[in-house]
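Results of the structural survey
One-letter residues, chain by chain:
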Amino acid sequence: MAWAVTAALIVLVGLPLAAMLAHLAFPQLYLGSLQLGNFDLFSDLWERSLWRNAVRNSLLLGLGTMVLGAAIGVGLAWMRHHWRFPGSGLIDFSAWFVLVMPSFIIAQGWVLFARSGGTASLLGIPWAGDVIFSLPGLILVMSLANFPLAYLAFSAALQWDVSRYEHAARLSGARPWTVFRAIRLPLLLPALLAAGILVFVDTIGDFGLPAAFISVFRFPLIPYVIRTEIQTVPVSFEGAAVLAAVLVSMVAVAIAIQIRVLRGGGRDFLTAAATPRQRPRPRFWPLLSAITFAFLGLAVFAPLGTSLSVSFMERYGAGLSWDNLTLANYQAVLSSGSALLPALKNSFGIAFAAAAIALVIGFLAAYLLAYSGHRLRRFIDVASTVTLAVPGIVLAVGYIFWWNQRWLADIGIQVYGSGWAIALCSAAASVPIAVRVLLGAMSQTPGSFLSSAALQGAGLWTRIRAILLPLTLSGLLSAGLAVFATSVFDLAITTMLQPPGFPTIPVIIDEHFRTVQYEWATAATVVVCLITAAVIVTVRFSARRLFRSYFETTTETSRS
């Protein structure tokens, strides 16, 4: 089984990434030529103004968002875990809601909010457009979209009460600033670094924001320029490879800095005396509640409320009034000749296929990581995690380089140019999600259960079917639905690998938005979100009905 999982990970992840790197050395590889390149394109990073601006803009946007997004996430986590006040639970809601929403839908909401005649103008703040359509505005938008990563990373470090260290220091005469600098800050440093790095990595690899803003505000970023290099004539695979290598290098440097700073250890401070943090209600709780509701309005209702209101408008430019409200956009989206209907069929088919592939590989990889001491265990661990640090646009470029080779077509393997390329790439990007979710579920299942069954003569499949599947069914369901939902709206992978005449949901919505058909695009977004939510609820309900005994087994085991 370890060899089969290793082979699957090599096909899904290893070969596409290796092909991308190989094209840097052999630019004509996809034509079957092994002629060594001269690497002159790397010097063009400073000579081509578009590339130079894209690299500079990506760095500025990533660093700015890392600072502001981490500050927002850390600040909210500090409020949530130190004090008890009305509305504190809404911080968790906003974090998870924004986290699961595709970035291009949030960015489209901000464009509609800020552009001339948009919601900002109706609210009497027309200057908001000048703020949003600038570098500081983009940093603000990306910070509001990526703060959940910092919030969740920092929240994990604040759940336990370690104030005894601070009390000991104060009893020894340390001043409050000394206690914070010498004790509190070092203990929180790993979480602070994780918060900042996660925000930085997700920001520089994001494709949704430049795709949404390109129609209003030209601000070239590396992911969008990569797409331009491949989808405009003359096609430049070499240019895409160089920019993808630069993007991966930025991510690698960020992760290396984090590892370097944390090297040395000594931060395992939790002991058996640690207790969950108690949250008193402070005297200034009205201020905390006001901050929470104001933030909720800014991060959730400003962009997404705007998109929802536009979906009911006859004409976006006429503003929000009774005379301008209509259901015609939804009728157009759901009519028999609508472009959305074939896109729904294709995207949902791809999402189901990606979820099935990621679940099978993720389950077997998690089993090997949790219970096996196979010599390939280390490789499986790295290969099943690496796509977390590789932006989707880069992974899609690797798929083009690997699956678009002539010799593959000559032997009858024609993945590139079909929906399978999107499904496989989406599965590769989602394997880390499936593995980590299932590892969490398997960590609650003692290996002695499987060992006892093996001693009774149960084979591998019997042990998995009779013991592991029932106890991890809830985790399987959560992982599968998470992969399904993210694959439906994955704009970066879909826009790079979509074959001609094969419409998909994110590309159809993005095309209508870029051609200023805002009413249709927002109505389609609402319809797809509702259908996706209905599918998730239906699958969860059906699974619990069909496998009621399995879920009851899981619950009883967790209680015991």
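Residues numbered from 1 in each chain as written. Predicted model: local features only at pLDDT ≥ 70, side-chain atom pairs only at ≥ 80, totals over all residues. Heavy atoms only, no water.

Further remarks concern the overall build of the chain. Helix and strand content of the chain: 26 helices and 2 strands. Whereas a compact globule of 560 residues would reach a radius of gyration of roughly 24 Å, the chain reaches 25 Å, a difference of no more than 12%. Here the C-alpha coordinates of the chain stretch approximately 65 × 65 × 55 Å along the principal axes. Burial statistics for the chain: of 560 residues in total, 50% are counted as buried. For the chain, contacts bridging at least 24 residues in sequence account for 78% of all contacts bridging at least 6. Summing over all exposed atoms, the chain offers an accessible surface of approximately 25,700 Å²; the carbon and sulfur share of this is 65%. Positive and negative charge centroids in the chain, built from 35 and 22 side chains respectively, lie 13 Å apart. (Helix = DSSP H or I, 4+ residues; strand = E, 2+ residues; numbered from the N terminus. Rg over C-alpha atoms; globule rule 2.2 N^0.38 Å. Buried < 20%, exposed > 50% of the residue type's maximum accessible area, 1.4 Å probe, protein only. Contact = heavy atoms within 4.5 Å. Areas by Shrake-Rupley, 256 points an atom, 1.4 Å probe, with all protein chains shown as cover. Lys, Arg positive; Asp, Glu negative; His and termini not counted. Charge placed at Lys NZ, Arg CZ, Asp CG, Glu CD.)

This part takes up the layout of surface pockets. Here the second largest pocket is characterised by a volume of approximately 320 Å³. Around the second largest pocket sit 15 residues that line it, and Ala355, Ala356, Leu359, Leu476 and Gly480 are the ones nearest its centre. For the lining of the second largest pocket, the secondary structure elements donating two or more residues are α16 (340–371) and α22 (460–488). Considered class by class, the residues forming the lining of the second largest pocket number 14 nonpolar, 1 polar and no charged. (1 Å grid on protein atoms, 1.4 Å probe; cavity = no way out; pocket = protein on both sides within 12 Å on 5 of 7 lines; lining within 4 Å. Points joined across faces, edges and corners; volume = space filled by probe spheres on them. Nonpolar A, V, L, I, M, F, W, Y, C, P; charged D, E, K, R; others polar.)

A few words on empty space enclosed by the protein. This model, assessed by the stated rule, comprises 1 cavity of 30 Å³ or more. The calculated volume of the largest cavity comes to roughly 40 Å³. Taken together, Gly117, Gly118, Thr119, Leu122, Thr306, Val310, Met313 and Tyr316 make up the full set of residues lining the largest cavity. Here the residues of the lining of the largest cavity are counted per class, giving 4 nonpolar, 4 polar and no charged.

In this section: the packing of α22 against helix α25 (residues 518–546). Between α22 and α25, the shortest axis-to-axis distance is 11 Å and the interhelical angle comes to 165°. Judged by the angle between their axes, α22 and α25 are roughly antiparallel. Viewed along their axes, α22 and α25 form a crossing whose handedness is right-handed. Along the contact surface, α22 presents Leu477, Ser478, Leu481, Phe484, Ala485 and Val488, while α25 presents Val528, Thr532, Val535, Ile536, Val539, Arg540 and Ala543. A breakdown of the residues in the contact of α22 with α25 according to their chemical character gives 10 nonpolar, 2 polar and 1 charged. (Axes fitted to C-alpha atoms, helices over the stretch in contact; angles between N-to-C directions. Parallel < 35°, antiparallel > 145°, perpendicular 65-115°, else oblique. Left-handed = near helix turned anticlockwise from the far one by under 90°.)

In terms of nonpolar packing, the biggest core is built from 166 residues, with Phe213 and Ile226 touching the most fellow members. The element that contributes the greatest number of residues to this core is α16, accounting for 17 residues. In contact with isoleucine 226, not counting residues within four places along its chain, are Ala240, Leu243, Ala244, Leu247, Ile393, Val397 and Met496. One finds Ala150, Ala153, Ala194 and Ala195 within the second-largest nonpolar core, a separate group that totals 5 residues. (Core = buried A, V, L, I, M, F, W, Y, C linked by side-chain atoms within 4.5 Å.)

We now examine the pattern of salt bridges. In the structure shown here, the tally under the stated rule is 2 salt bridges. Among the salt bridges present, the one from arginine 80 reaches aspartate 92, with a minimum N-O distance of 3.0 Å. Here arginine 80 is found in helix α3 (residues 49–82), whereas its partner aspartate 92 is found in helix α4 (residues 89–100), with 12 residues between them in sequence. With a relative accessible area of 14%, arginine 80 lands in the buried category. Measuring nitrogen to oxygen at the nearest pair gives 3.0 Å for the salt bridge that ties arginine 514 to aspartate 510. Of this pair, arginine 514 and aspartate 510 both sit in helix α24 (residues 505–514), 4 residues apart, which is roughly one turn of the helix. Taking relative accessible area as the criterion, arginine 514 reaches 30% and is therefore assigned partly exposed. Overall, aspartate 510 belongs to the buried group, its relative accessible area being 2%. (Salt bridge = Lys/Arg side-chain N within 4 Å of Asp/Glu carboxyl O.)

Another aspect to go through is the packing of aromatic side chains. Tallied over the full model, the rule gives 10 aromatic pairs. On the numbers, 5.4 Å between centres and 80° between planes, the contact of tryptophan 83 with phenylalanine 284 is edge-to-face. Of this pair, tryptophan 83 sits in the loop between α3 and α4 while phenylalanine 284 sits in the loop between β2 (275–276) and α14 (285–311); the two residues are 201 residues apart in sequence, bridging distant segments of the chain. Look at tryptophan 83 and you get partly exposed, because its relative accessible area is 23%. (Phe/Tyr/Trp six-rings, centres within 6.5 Å; stacked < 30°, edge-to-face > 60°.)

Our next topic: the environment of serine 309. If you trace the backbone, serine 309 turns up in helix α14. Between the alpha carbons of serine 309 and isoleucine 91 there is a distance of 24 Å; along the sequence they are 218 residues apart.

On the surface, Leu122, Leu308, Phe312, Leu320, Trp322, Leu325 and Leu327 cluster together into a nonpolar patch covering about 760 Å² of accessible area. When you line up the elements, leucine 320 lands in the loop between α14 and α15 (328–334). (Patch = residues over 30% accessible without salt bridge, like charges linked within 9 Å, V, L, I, M, F, W, Y side chains within 5 Å.)

Moving on, we come to the side chain of serine 426. Relative to the helices and strands, serine 426 resides in helix α20 (residues 419–442). Using a relative accessible area of 1% as the deciding quantity, one classes serine 426 as buried. In contact with serine 426, other than residues within four places in its own chain, are Ala354, Ser487 and Ile493.

Right, let's get into the confidence of the model for the chain. When the pLDDT values of the chain are averaged, the result is 80; 91% of them are 70 or greater. Summarising per-element confidence for the chain, the mean pLDDT is lowest in helix α26 (residues 548–559) (56) and highest in α3 (89). (pLDDT = per-residue confidence, 0-100.)

A word on the packing of α16 against α25. At a minimum axis distance of 12 Å, the contact between α16 and α25 shows a crossing angle of 40°. When the axis of α16 is compared with that of α25, the two are oblique. Handedness of the α16/α25 crossing: right-handed. Facing α16, whose interface residues are Leu340, Leu344, Phe348 and Phe352, α25 presents Trp520, Ala524, Val527, Val528, Ile531, Thr532 and Val535. Looking at the contact of α16 with α25 residue by residue, the class counts come to 10 nonpolar, 1 polar and no charged.

We now examine the environment of methionine 442. By the secondary structure assignment, methionine 442 is in helix α20. Considered as a pair, methionine 442 and leucine 469 are 27 residues apart in the sequence and their alpha carbons are 9.7 Å apart.

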